[in-house]
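Structure assessment
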Protein chains: 2
Amino acid sequence: MSPRPASNPQSVLAIIGDGQMGLLMANILAGKGCRVRLWGHDASDIGRLSPSRQSERLPGFTLHGQVELTADDAAIFEGDCGLVVNAVPTQFIRGVWRRIGEGFNGRAPIVSVSKGIENDTLLRPTQIIAEILRHAPGRAAVPMCVLSGPTIGSELARSLPATMVAASESQSLAKDIQSLFCTDWLRIYTNDDPLGVELAGATKNVIAIAAGMVDGLGVGCNAKSALLARGLAEIARLGVAMGARLDTFFGVAGVGDLATTCFSSEGRNRSCGESLGRGVPLQTVIDSSSSVIEGVATTRSVKSLAQRHNVDMPITAAVHAILFEGLHPHSAIRELMIRERKPERVG
Amino acid sequence: MSPRPASNPQSVLAIIGDGQMGLLMANILAGKGCRVRLWGHDASDIGRLSPSRQSERLPGFTLHGQVELTADDAAIFEGDCGLVVNAVPTQFIRGVWRRIGEGFNGRAPIVSVSKGIENDTLLRPTQIIAEILRHAPGRAAVPMCVLSGPTIGSELARSLPATMVAASESQSLAKDIQSLFCTDWLRIYTNDDPLGVELAGATKNVIAIAAGMVDGLGVGCNAKSALLARGLAEIARLGVAMGARLDTFFGVAGVGDLATTCFSSEGRNRSCGESLGRGVPLQTVIDSSSSVIEGVATTRSVKSLAQRHNVDMPITAAVHAILFEGLHPHSAIRELMIRERKPERVG
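The following paragraphs examine the structure supplied in this document. (Residues numbered from 1 in each chain as written. Chains lettered and ligands numbered in written order. Predicted model: local features only at pLDDT ≥ 70, side-chain atom pairs only at ≥ 80, totals over all residues. Heavy atoms only, no water.)

Our next topic: the relation of the copies chain A and chain B. For these two chains of identical sequence, chain A goes onto chain B by a turn of 180° and a shift of 0.0 Å along the axis, with RMSD 0.0 Å. The operation mapping one copy onto its partner corresponds to a two-fold rotation axis. Both copies share a contact surface, since 100% of the interface residues of chain A are interface residues in chain B too. (Least-squares fit on C-alpha atoms with pLDDT ≥ 70 in both. Contact = heavy atoms within 4.5 Å.)

Structure representation (structure tokens):
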């Protein structure tokens, strides 16, 4: 039904966003001989990236020499665009697609690797893009795919083995994306629950902030693992309430991504939580990061989603209280541990 | 139905085993004012522990001064025994209970914290004990409870926050155990799936050996997290095939214990895998460990259970091939990554 991505070897695969995932996806596709064009919102960033092929956002990474670079909103979709990869931090997707959406042909499949939920609208990345594109005249629904998994950027940059899940309502599109992105070090599974995969990728960042706080407080791996399990249970409860499949949360893009985000020393959300646990103010943490810490804004959205769907999410509520309501991490961990004794409930 | 554990303040709570968990459980109960007696199979170990209150198996730990110690098979159950804690490495449970079982009153509930599956018989710890006690004349079925969770010993020794699950077919017993063992740093959930909890605690050690190999090979956190997710899926598949509840594997005693075992630098099974990944021979690893590495023997049992129940367990098969069939860890990881592309299946 949907056009095969990049079926024409001359077609352009457009990567939107020059953060870690945009750079990495560009390299994978260029490495397979595809014609890749990468767009960044800041002309001076793109100006530096073009000759150096290096980015401060991903130390040690070298951008493939054949990747075209542009910061020109009108240029990104020029030519025969065969695929779009959305790799924009969630809270900026609306603004970016308002800038560039006009030139999009409306036919090429869109693969989103963004992990978050928009504040106020509570929309997922693919929903935000769909909403913007719907407003353009004469557009049919664009085929979309979510690509997500445990993907700490610095490890992908070194081609260390990893897995992702390609989730779409169209299984033929999911299979095409599987074929297009898989390499001998990146294994990709298909999945037909894009809602669950996208939600898992967003919500795990909230739990990772809590996991980082556990690290910052120095209370150990047992507590962090319990928090991972209880966090998984609460994000799965939310997912099921929203119509996602429970088992998505127990797969590579669910518990797998949650585990790497909670345990890798390089996870941005975990590191943010660790600094908070050590007493560093939130704004200082944000100001000192070269990349967007998705989980901070996502915490606001997930708390609202929990209220809307009437789901009990005590860890999310605690992270929200620490980030935005002045609760001390130590008090929060204590409150989570001394909640009334009861049977364990999962899902 | 079952007698309340330790309802008489003079009754003896008997801890069988002087490994990490035996020592830790003894301290929790003694710290609550219970009369605790700890049995170890080796008189010289007990002879050293008695005056020093220190054990090489748990550096930094000090045994509570009121814990009685014995290596006398006839003495452990002397007096009014109100509760037994089984903390013996799985492959030794049969031998130990053959030695001490004669003196057991047959009424006190038995709480097992052992994590493994017996070779050849493929029985879980509580099943082994039940089988031995059945052979004693005139014995009714003994009430049993499984107590399990993410419990790296060195962290419990420092009273860092942790969680466990008390699982029993008798919910009143599970609640009694919850009350008896909970402290202000140890939160305990009840659960009615002892089969699932006991199986999760055993099988996670096999996955942890694989996780350690990933560490030893230096292939990163993304690969280890994917392995955790795929490992969780395969042990959950086995559990469901054996009659356990799926959601038990996604709770604190399932994914929580799996996570801490795979990620804590102090996990014995993970450390064993890491050494193997670095090329150290298995026997050398075993000889240099002061404690039993449960996962090694358990791997044999889990592979047999997978065959018996016709469950696909590729990670377990790979660990078995590395431990006992001469496969190199690097080849195994490679084989796991390049299996045919397909949809993800969980549970």
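On we go from here.
What follows deals with the sheet that holds strand β7 (residues 162-167) of chain B. Residue and element names in this part refer to chain B. Strand order across the open sheet formed by 8 strands is β3-β2-β1-β4-β5-β6-β7-β8, with mixed pairing between neighbours. Each end of this open sheet is capped by a strand with a single partner; those strands are β3 (68-70) and β8 (186-191). Averaged over all neighbouring strand pairs, the angle between strand axes comes to 25°, with direction disregarded. By the bridge criterion, 3 bridges tie strand β4 (residues 81-86) to strand β5 (residues 110-112) in an arrangement that is parallel. Residue Val85 lies in a different strand from β5, and its bridge partner there is Val111. Strands in contact with helix α9 (residues 252-263) are β6 (144-148), β7 and β8; relative to β7, the strand with the most contacts, it is inclined by about 140°. (Pairing = 2+ DSSP bridges. Helix = DSSP H or I, 4+ residues; strand = E, 2+ residues; numbered from the N terminus. Axes fitted to C-alpha atoms, helices over the stretch in contact; angles between N-to-C directions.)

Applying the stated criterion across every chain, the model contains 36 salt bridges over all chains. Of the charged contacts, one joins Arg57 of chain B and Asp18 of chain B as a salt bridge, the two residues approaching to 3.1 Å between their closest N and O atoms. Of this pair, Arg57 of chain B sits in the loop between α2 (43-52) and β3 while Asp18 of chain B sits in the loop between β1 (12-16) and α1 (20-31), placing them 39 residues apart in sequence. Residue classification places Asp18 of chain B among the buried residues on the basis of a relative accessible area of 7%. A salt bridge links Asp257 of chain B to Lys115 of chain B; the shortest N-O distance between them is 2.9 Å. Residue Asp257 of chain B is located in helix α9, and its partner Lys115 of chain B is located in the loop between β5 and α4 (125-134); the two are separated by 142 residues in the primary sequence. Lys115 of chain B carries the same exposure label as Asp257 of chain B, and that label is buried. When salt bridges that share partners are traced, they join Asp215, Lys224, Arg270, Glu274 and Arg278 of chain A into one network. (Salt bridge = Lys/Arg side-chain N within 4 Å of Asp/Glu carboxyl O. Buried < 20%, exposed > 50% of the residue type's maximum accessible area, 1.4 Å probe, protein only.)

This is a description of form; function is not addressed.
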